[in-house]
Amino acid sequence: MSRIAIIGWGSLIWDLEVLAPHVSGDWRMEAGPELAMEFARVSPKRKRALAVCLEAEHGTACQTNVIQSKRSDLADAVADLAARERAPIERIGVVCRVSKHRFGADPRISAAVEDWCTVEDWDGAVWTDLQPNFTDVLGYSFTVERAISYLQSLEGESLDEAVRYIELAPKATDTALRQALEQQTWWIDEAKRLGLRK
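Along each chain, residue indices are assigned from 1 in the same order as the chain's sequence is written. Given that this is a predicted model, residues contribute local features only at a pLDDT of at least 70 and side-chain atom pairs are listed and counted only at 80 or more, while totals for whole chains, interfaces and linings are drawn from all residues. Computation of side-chain values covers all heavy atoms of the structure but excludes hydrogens and water.

Only the six-membered ring of Trp is used, alongside the rings of Phe and Tyr, when aromatic pairs are assigned; centres must lie within 6.5 Å, and planes under 30 degrees apart are stacked while those over 60 apart are edge-to-face, with the rest tilted. Taken as a whole, this structure holds 7 aromatic pairs when the rule is applied. Ring geometry for Phe39 and Tyr165: centres 6.1 Å apart, planes at 90°, overall edge-to-face. In this pair, Phe39 sits in strand 3 (residues 34-43) while Tyr165 sits in helix 5 (residues 156-168), placing the two residues 126 residues apart along the sequence. What makes Phe39 buried here is its relative accessible area of 0%. A centroid spacing of 6.1 Å and a plane angle of 20° characterise the contact between Trp116 and Trp122, whose relative ring orientation is stacked. Per-residue accessibility, obtained with a 1.4 Å probe over protein chains only, is compared with the maximum for each type, and a residue is labelled buried under 20%, exposed over 50%, and partly exposed between these values. The class of Trp122 is buried, set by a relative accessible area of 3%. Put simply, the rings of Phe134, Tyr140, Phe142 and Tyr150 touch in pairs and so form one group of aromatic residues. Think of it this way: any DSSP run of H or I at least four residues long counts as a helix, any run of E at least two long counts as a strand, and we number them from the N terminus.

Below, the discussion takes up the sheet that holds strand 9 (residues 124-128). Strand pairing is defined by DSSP finding a minimum of two bridges between the two strands. The strand order 2-6-1-9-7-8 describes an open sheet built from 6 strands, whose pairing is mixed. The sheet is open, and its two borders are formed by strand 2 (23-28) and strand 8 (101-103), each paired with just one other strand. When strand polarity is set aside, the average angle formed by the axes of neighbouring strands in this sheet is 20°. With 3 bridges joining them, strand 2 and strand 6 (residues 65-69) adopt antiparallel strand pairing. Considered in strand 6, the bridge of Ser24 is made with Gln68. Two residues form a contact once any of their heavy atoms are found within 4.5 Å. Axes, fitted as lines to C-alpha atoms, cover a helix only where it is in contact. Angles between the N-to-C directions of the axes lie from 0 to 180 degrees. Against the sheet, helix 1 (residues 74-85) touches strand 1 (4-8), strand 6, strand 7 (92-96) and strand 9, its axis set at about 15° to strand 9.

Purely geometric numbers; function is a separate question.
Structure below.
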């Protein structure tokens, strides 16, 4: 296998971290498959900020980005991404056009990635497959209004991380929550405070 795509839409774009030695070239922005996503994951790694994740049921279809793995073996590419995400192997989605193997929490996502691989002539692809946990962590179902209220409840480093993470996400990661935050004066003021907007 020669061409393995790594698909990204969140912090991976601006912080490859330990993945950096294992990729070739730069991110091809908005060149990945269109996948449904939302900022619906309370992230312990990010001080309980809301992180973007795939959400086929209620998410917004957004264009993703792609970078090529240096690996020739899909298992190695999976391990590389799992290490970057500090996630178990089973939380990394994978498609292999050669073996026709598909693995992911939602078959709709895996099918969309496989179709994209075929059109764009990638041999395989890997992506972060962490699931929404907003409801499990907070005890009530995700809505844009509840997500905004949750963000407003954050303080200190948690609020800073939440604002930084959403503001730095690629423009194409344009979910319903992100669109709603554009209408929130308090959010824009927080982004300005952190030097993320003028």
